[in-house]
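# Structural features, examined
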Amino acid sequence: MKKSSLLFIKDLPRLSDLGDELLLIHDDILPKKSASFRKWMKQFSLRYPVKAGESLKSVDQFPNHISKIVKLCEGASARRLTLVVVGGGSVGDFGGFVASILKRGVRLVHLPSTWLSAIDSAHGGKTALNVGSAKNQIGTFYPAEKIILSRTLLLSQPEARAFEGFGELLKIALISGGTLWKDLSREYEVHADTLWKYLARSIDAKYKEVAKDPEEKSGHRHVLNLGHTVGHVLESSFELPHGIAINYGLDFALRFSLHKKIITPKEYEKLMLSPVMGYLLSPIRDELLQSKESVLKEFRRQLLSDKKKTGASTLRFVFLKKPGQCVIREVPVDEILMEIVRQKEDELYD
Ligand SMILES: NC(=O)c1ccc[n+]([C@@H]2O[C@H](COP(=O)([O-])OP(=O)(O)OC[C@H]3O[C@@H](n4cnc5c(N)ncnc54)[C@H](O)[C@@H]3O)[C@@H](O)[C@H]2O)c1
Ligand SMILES: [Zn+2]
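### Quick notes on the overall build of the protein
- What the protein contains, in helices and strands, is 15 helices and 10 strands.
- What you see for the protein is a C-alpha radius of gyration of 20 Å, in line with the 20 Å of a compact globule of 350 residues.
- If one aligns the C-alpha atoms of the protein with their principal axes, the spans along those axes are about 65 × 40 × 35 Å.
- For the protein, with 350 residues in total, the buried portion stands at 53%.

Right, here's the structure in full:
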């Protein structure tokens, strides 16, 4: 898979640096939030604003979108057209998919506008649509030619959103270990500026993992799902933002790793005493882990629909042995449910 070129800039890019004939697909919230974006976007003669969210990725809506997009760029040549996608992960997944099939594939530039997309989803080339409530069931591998990280665009998000990006930053730092983890682990406070500071290194770390298994063939790329198995269940059960759910999912995975004796108590303690891990502790998380039978039934149904299923009732779970060393094991879904109950009860006696 070809590597996307990365550009870190302060403001928004010049159109002449993006390509010859440009089609802009953007989150319709952006012009409402920022006058400079409004001014910038008006320079594009071909524009397609979209409403971000999972419904944008719905396969049922797709024929309607693609008909309008094809009509919009009727006169454009496939060879010269560049699709510029500005938005968070949902707009990126949708726009990336469009770029991969429009005129049998056109050039793609991503300008992520959320921390989550800047750290994670814009990189690695995965595009996706949802089928009914099943997320990301359809997609292509289609890396952007260029990914532009604009500080102004990212800082235009409310500061609270930085906490959502933090989950993905922590995830990649734990997976990659080394100096990225060492430096991040010593941060007492995490703000939007902290995320900007670690952005280039966290993206680099993601590329290193993706490069070992670009199209998810060997299974190595699965380490990037650290924290995501239970994270996804919490995300859909309680309609949490993805990044928040991942924070809780990471905490779950670390405690599960301790319980399974994959991480030693000494290593776990060292990890949890790192200043940055204070951000993982949350009273809300403990309310979300449920031991009620009806809720567990729903969790079970969701775990069984996980794409990482390996058998009728087992899936691949990513554990952490130490920062920089993940262990992937096949685990029965019922064992994950038992662990949810165990962690919930553990909390009651703390
Ligand atoms: N392709 C991948 O590898 C990959 C990886 C992880 C997640 N994802 C996908 O990413 C999506 C989640 O990402 P997300 O949270 O960025 O999604 P999103 O695009 O839904 O954005 C979240 C919210 O932020 C708003 N927003 C975007 N930019 C803003 C800005 N600058 N200021 C204020 N508000 C802004 C959006 O309008 C939306 O309401 C999910 O669909 C998930 O499946 C994909
Ligand atoms: Zn994620």
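Read on for the rest.
### Let's talk about the site of ligand 1
- In the region of ligand 1, 25 residues are neighbours, and Asp-27, Glu-54, Ser-90, Ser-113 and Thr-114 sit closest.
- The contact in question runs from an oxygen atom of ligand 1 to an N or O atom on the backbone of Gly-89, over 2.8 Å.
- Taking Ser-113, its side chain carries an N or O atom lying 2.7 Å from a nitrogen atom of ligand 1.
- The fraction of the free accessible surface of ligand 1 (880 Å²) that becomes covered by protein chains is 85%.

### A short note on the nonpolar core
- In terms of nonpolar packing, the biggest core is built from 92 residues, with Ile-25, Ile-69, Phe-94, Val-98, Leu-170, Leu-199 and Ile-336 touching the most fellow members.
- Viewed by domain, this core spans two of them, domain 1 (5–157) and domain 2 (162–348), each represented by three or more residues.
- Grouped together as the second largest cluster of nonpolar side chains are 15 residues, Leu-18, Trp-40, Val-109 and Ile-148 included.

### Regarding the packing of helix α7 (residues 162–176) against helix α11 (residues 242–259)
- With their axes 6 Å apart at the nearest point, α7 and α11 run at an angle of 40° to one another. Relative to α11, the element α7 lies oblique. Taken as a pair, α7 and α11 cross one another with a handedness that is left-handed. Here α7 contributes Phe-163, Glu-164, Phe-166, Gly-167, Glu-168, Leu-170, Lys-171 and Leu-174 to the contact with α11, which in turn contributes His-242, Gly-243, Ile-244, Ile-246, Asn-247 and Leu-250.
- The class makeup of the residues in the contact of α7 with α11 is seven nonpolar, four polar and three charged.

### A word on unusual backbone geometry
- The residue Lys-103 is not glycine, and still its phi comes out positive at about 50°.
- Within the secondary structure, Lys-103 is located in the loop between α4 (89–101) and β5 (107–112).
- Taking relative accessible area as the criterion, Lys-103 reaches 34% and is therefore assigned partly exposed.
- At Glu-239, a position not held by glycine, the phi torsion is positive, near 50°.
- Here Glu-239 lies in the loop between α10 (228–238) and α11.
- Overall, Glu-239 belongs to the exposed group, its relative accessible area being 73%.

### Looking at a positive patch on the surface
- On the surface, Lys-266, Lys-270, Lys-321 and Lys-322 cluster together into a patch of positive charge.
- Of all the elements in the fold, those that place two or more residues in the positive patch are α12 (265–272) and β9 (314–322).
- The residue Lys-266 is located in helix α12 in this model.
- For Lys-266, a relative accessible area of 71% translates into the label exposed.

### A closer look at the sheet that holds strand β2 (residues 21–27)
- Pairing is parallel in the open sheet, where six strands are placed in the order β1-β8-β5-β4-β2-β3. The open sheet has two edge strands with one neighbour each: β1 (5–9) and β3 (46–50). When the angles between neighbouring strand axes are averaged without regard to direction, this sheet yields 20°.
- Where β2 lies against β3, five bridges are found, and the strand directions are parallel. Each residue of the ladder has a partner; that of Asp-27, found in β3, is Val-50.
- Those strands touched by α4 are β2, β3, β4 (81–87) and β5, and its axis lies near 165° from that of β4.

### Here's the deal with the domain arrangement of the protein
- If you check the domain split of the protein, you get domain 1 (5–157) and domain 2 (162–348).
- Opposite the 21 residues of domain 1 that make contact, domain 2 presents 25 residues.
- Connecting domain 1 to domain 2 are four salt bridges.
- Measuring nitrogen to oxygen at the nearest pair gives 2.7 Å for the salt bridge that ties Asp-193 to Arg-151.
- There are five residue pairs in polar contact (both at pLDDT 80 or more) connecting domain 1 and domain 2.

Cut-offs used in this document
Residues numbered from 1 in each chain as written. Chains lettered and ligands numbered in written order. Predicted model: local features only at pLDDT ≥ 70, side-chain atom pairs only at ≥ 80, totals over all residues. Heavy atoms only, no water. Helix = DSSP H or I, 4+ residues; strand = E, 2+ residues; numbered from the N terminus. Rg over C-alpha atoms; globule rule 2.2 N^0.38 Å. Buried < 20%, exposed > 50% of the residue type's maximum accessible area, 1.4 Å probe, protein only. Near = heavy atom within 4 Å. Polar contact = N/O pair within 3.5 Å; in protein donor to acceptor, adjacent residues only side chain to side chain. Areas by Shrake-Rupley, 256 points an atom, 1.4 Å probe, with all protein chains shown as cover. Core = buried A, V, L, I, M, F, W, Y, C linked by side-chain atoms within 4.5 Å. Domains from an automatic or database assignment. Axes fitted to C-alpha atoms, helices over the stretch in contact; angles between N-to-C directions. Parallel < 35°, antiparallel > 145°, perpendicular 65-115°, else oblique. Left-handed = near helix turned anticlockwise from the far one by under 90°. Contact = heavy atoms within 4.5 Å. Nonpolar A, V, L, I, M, F, W, Y, C, P; charged D, E, K, R; others polar. Patch = residues over 30% accessible without salt bridge, like charges linked within 9 Å, V, L, I, M, F, W, Y side chains within 5 Å. Salt bridge = Lys/Arg side-chain N within 4 Å of Asp/Glu carboxyl O. Lys, Arg positive; Asp, Glu negative; His and termini not counted. Charge placed at Lys NZ, Arg CZ, Asp CG, Glu CD. Pairing = 2+ DSSP bridges.

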